[in-house]
Each structure stands twice: as structure tokens, then as C-alpha cells.
Amino acid sequence: MPRPLLRRAITEAARRAATPGNLRFTERQLYYETCRVLRPRPAALRRVPYSPPPPLRLPRFTEALHGLDLPGLLPAATPAPTTGGPTSEPDLYDYGVPRLLVCQDREIAGMLLANHVHLEAACPILTAQDDLPLDPRLIGALARAEGATVHVLHDASPTGITLPAKVRDALGPVPGVRVVSLGIVPRHAQTLHLVSGRRPGRVPPIGPLPHGLKAAEVDWLARGRFAEVAAVPPARLVRAVLRLTRGPRPARASVWSELRDLRTAGFMTWPDA
């Protein structure tokens, strides 16, 4: 594809990624949105589970992106001791923390923070890279909240699907605290028609596996397939995280419909790691 046409596709993808409400988004999310612009989902296949390969190589996208001024595009994330967690507000350790979100991807955590998801869901957002093992004071705050839940947002990859169990281990024996996987897993990638990649050769045996993972999904991963959370459209990701962390609220019928669609896609499939 000629570079001017690709840059035009990237600009359109940026417009879509920011809709609605001027959302902020990462470069990786913009890449996957550009893939959707270049290869629209055929109407005849909307109900058929599949995860297509990318129509655009990442280096080609990065080259074409250089020099474009795109509103909403976030800068690359950098390591930080905390990302919107209680450590920025030490007084919060004196109270119970009923919910917590741990993201595998630092940039996805930053995107959710930039869109104020932590405020709307009243849920601190941390990253596995920067915040595991959890601060003992935070673990104490989770223990003080009756029925606290630690949500884990991860890729459909061998590293991703084993992250909830690692978070559970990092918590230690804390009574009443659940670890819940929000996904994604291979069936999410196929149901949501996410662009997926493939590593060469078969990957080593994965374990321990979540009990909700199906044999076909294990084989999908063993064949080197993977899908990133960044492949989920930004607006859909924000809505999913908000509604699955804070729970359903009485509202318009469309809200309940979308929550039902998310559950059908497999979100919250296994509640405890």
C-alpha cells in the first residue's frame, strides 16, 4: 500500500479509536485499529468465531506513523513504582480496598488511567511489571474489605493466562479475597474477531492452566497463537473494564445487553485463579 494511503488509514483509525468522547489510546491500540480499517469484518462472518492475522506488518505501521499529529495518542509508557494505586494516596491504606485491577500490559494500564477508569470504577489500577509482589499495606487494605476482588486483565498468551495464578500466589493466604480473570483468552480473541499473531514453532507446555480453559484453546496457544488486550477496540475495552469491575448497575437496556454480550464472549469465565 502506498504510504499516503496508509497514513490516511492511520488517521481514520485514530478517529475511530478516540470515539466516543475523545478517548486516549496507545500506539499499539492504534495499530490494531488500523488493521480493522484496512480489513473490515465481513458481515457474513460476524457470528463466526475466528481471529485473523494482521493485514499490516508492525514495522510498516510504525514507519508510516512517524510525523503524524494524532489527537488522543498517548506517549509510550515508562516504568513507574505505581500506576494510580493507593501508594499515591497513603491514607487509603487505613481503609478497605474492595476492588483492584492488575494489568499485564503497562501501556494498557496507562490508557485506562488516562481515561479515568480508576476513578469511575473506584478501583486502583496496577501493573504486573511494576507492582508485583503487592505492597503488604495494600494486601491489608484488601483484607479489611469484605469480599474484595482482584481483577486481572491479561493477553491471550501463555504468559497472560498464567498471570492470575501468579497474582493469587503474590497475595498469599488472604481470607475472603478473590482473584478474577477478566481475560482475554483464545475464545475471546475468536468471538471478538481480534487480530492475532503467531510465533514460530510450538511453545513449551503451559501450566498451571486455568480450569476454565478448553482443550481447543490450549492447542491454539501451543501452536504459537496469541492475541493482545490492545487488540480490543479502546471504547469496548473501557466499557468492559468499567462494567466488570464495578458490577452491573440499573440503567438503560443497552447497558444490560452489552454486559450480556461480554459474558457470552467469555469474560469472567473462571472466577478464581
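Scroll up to find the structure.
So, here's what we can say about the structure. Remember, predicted model here, so these are calculated numbers, not experimental data.

**Some words on the side chain of Arg225**
Tracing the sequence through the fold places Arg225 in strand E6 (residues 225–226). Within the buried core, Arg225 has no salt-bridge partner, and the shortest N-O distance to an opposite charge, that of Asp219, equals 8.7 Å. Here the side chain of Arg225 touches Ser196 through a polar contact of 2.8 Å, side chain to side chain. Setting aside anything within four residues of it in sequence, one finds Arg225 in contact with Ser51, Ala156, Ser196, Gly197, Arg198 and Trp220.

**Looking at the environment of Arg28**
The residue Arg28 is located in helix H2 (residues 27–38) in this model. Taking relative accessible area as the criterion, Arg28 reaches 29% and is therefore assigned partly exposed. On a C-alpha basis, the gap between Arg28 and Ala76 in space is 9.6 Å, while along the polypeptide they are 48 residues apart.

**So, the nonpolar core**
Ile10, Leu30, Leu101, Leu112, Ile125, Leu153 and Leu237 are the most contacted members of the largest nonpolar core, which totals 57 residues. If you list the elements that add at least two residues to this core, you get helix H1 (3–17), H2, helix H3 (58–65), strand E1 (99–103), helix H4 (106–114), helix H11 (215–222) and helix H12 (234–246). The contact partners of Leu112, leaving out residues within four places of it in the chain, are Leu101, Cys103, Val117, His118, Ile125, Leu153, Val238 and Val241.

**Comments concerning the packing of H4 against H12**
Between H4 and H12, whose axes approach to 11 Å, the crossing angle comes to 80°. Considering their axes alone, H4 and H12 lie roughly perpendicular with respect to each other. Along its contact with H4, which presents Ile108, Met111 and Leu112, the element H12 presents Pro234, Leu237, Val238 and Val241. The residue inventory of the contact of H4 with H12, partitioned by class, reads 7 nonpolar, no polar and no charged.

**Things to note about the pattern of salt bridges**
If you walk through the whole model with that rule in mind, you get 9 salt bridges. Where Glu12 meets Arg15, a salt bridge forms, and the shortest distance between an N and an O atom there is 2.6 Å. Linking Glu12 with Arg15, this pair stays in helix H1, spanning 3 residues, or about one helical turn. With a relative accessible area of 26%, Glu12 lands in the partly exposed category. For Glu63, the salt bridge goes to Arg60, with nearest N and O atoms at 3.9 Å.

**Some remarks on H11**
When H11 is considered as a whole, its buried residues turn out to be Glu217, Trp220, Leu221 and Ala222. Next to the buried residues of H11 lie helix H8 (158–161), helix H10 (186–191) and E6. Just downstream of H11 lies Gly224, where phi reads positive at about 90°.

**Some remarks on the pairing of E1**
Taking burial as the measure, the 5 residues of E1 include 4 buried ones, the bulk of the element. Note that E1 and strand E3 (residues 149–153) share 5 bridges and pair parallel. Of the residues in E3, the one forming a bridge with Leu101 is His151. The pairing of E1 with strand E2 (residues 125–127) spans 3 bridges and is classified as parallel. When the bridges of E2 are listed, Val102 appears paired with Leu126.

**Let's talk about the packing of H1 against H2**
Any two packed helices are characterised by how steeply their axes cross, that is the angle between the axes, and by the distance between the axes. Two elements in contact, H1 and H2, have axes whose closest approach is 8 Å; the angle formed by their N-to-C orientations is 110°. Judged on the interaxial angle alone, H2 and H1 are roughly perpendicular. Helix-helix and strand crossings are classified by hand; for H1 and H2 the assignment is right-handed. Across the interface between the two elements, Leu6, Ala9, Ile10, Glu12, Ala13, Ala14, Arg16 and Ala17 of H1 pack against Leu30, Glu33, Thr34, Arg36, Val37 and Leu38 of H2. For the contact of H1 with H2, a count of residues per class yields 9 nonpolar, 1 polar and 4 charged.

Cut-offs and rules
Residues numbered from 1 in each chain as written. Predicted model: local features only at pLDDT ≥ 70, side-chain atom pairs only at ≥ 80, totals over all residues. Heavy atoms only, no water. Helix = DSSP H or I, 4+ residues; strand = E, 2+ residues; numbered from the N terminus. Buried < 20%, exposed > 50% of the residue type's maximum accessible area, 1.4 Å probe, protein only. Lys, Arg positive; Asp, Glu negative; His and termini not counted. Salt bridge = Lys/Arg side-chain N within 4 Å of Asp/Glu carboxyl O. Polar contact = N/O pair within 3.5 Å; in protein donor to acceptor, adjacent residues only side chain to side chain. Contact = heavy atoms within 4.5 Å. Core = buried A, V, L, I, M, F, W, Y, C linked by side-chain atoms within 4.5 Å. Axes fitted to C-alpha atoms, helices over the stretch in contact; angles between N-to-C directions. Parallel < 35°, antiparallel > 145°, perpendicular 65-115°, else oblique. Nonpolar A, V, L, I, M, F, W, Y, C, P; charged D, E, K, R; others polar. Pairing = 2+ DSSP bridges. Left-handed = near helix turned anticlockwise from the far one by under 90°.

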